[in-house]
Amino acid sequence: MWRMHAERWLESLVLRNVPVLDQQLAAETPVYSQVPAFSASDHAMIDVLICTRHARVAVIELKTHEDIHLPLQGLDYRSRVCWQHQRGEFQKFAAILQN
């Protein structure tokens, strides 16, 4: 599977043990994969979204090949998440899931 869908394979490994990437990532909090990230008419997918031990949002973008655009893509996704958080969209979504 890792040859046919290398990023999805890598994502499955990360999802099993997120703190292996960084000890600040909280294994006990929910981990979300393939999270839609909207910005105006643009649509993107964040590979992994999780909280740190200090309750800060962490965006994890996985690549199996070198990508010169990775830093900018990560910043773009982070700004989208911050924008959605400021608008209270995460709280609205959590309320919908609880019902």
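Notes on the structure follow. All values derive from a computational prediction rather than experimental measurement. (Residues numbered from 1 in each chain as written. Predicted model: local features only at pLDDT ≥ 70, side-chain atom pairs only at ≥ 80, totals over all residues. Heavy atoms only, no water.)

## Concerning helix α2 (residues 70–86)
- Between its terminal C-alpha atoms α2 stretches 24 Å, which fits the 24 Å expected from 17 residues at 1.5 Å a residue.
- Every buried residue of α2 is listed here: Gln73, Tyr77, Arg80, Val81 and Gln84. Along the long axis of α2, the arc covered by the buried residues comes to 95°, so they all point the same way. Pointing more than 90 degrees away from the buried face of α2 are the exposed residues Pro71, Leu72, Leu75 and Gln86. (Helix = DSSP H or I, 4+ residues; strand = E, 2+ residues; numbered from the N terminus. Expected span 1.5 Å × (residues − 1). Buried < 20%, exposed > 50% of the residue type's maximum accessible area, 1.4 Å probe, protein only. Arc of directions from axis to C-beta.)

## Remarks on the environment of Asp42
- Here Asp42 lies in strand β2 (residues 42–51).
- Not counting residues up to four positions away in its chain, the partners in contact with Asp42 are Ala37 and Arg80. (Contact = heavy atoms within 4.5 Å.)

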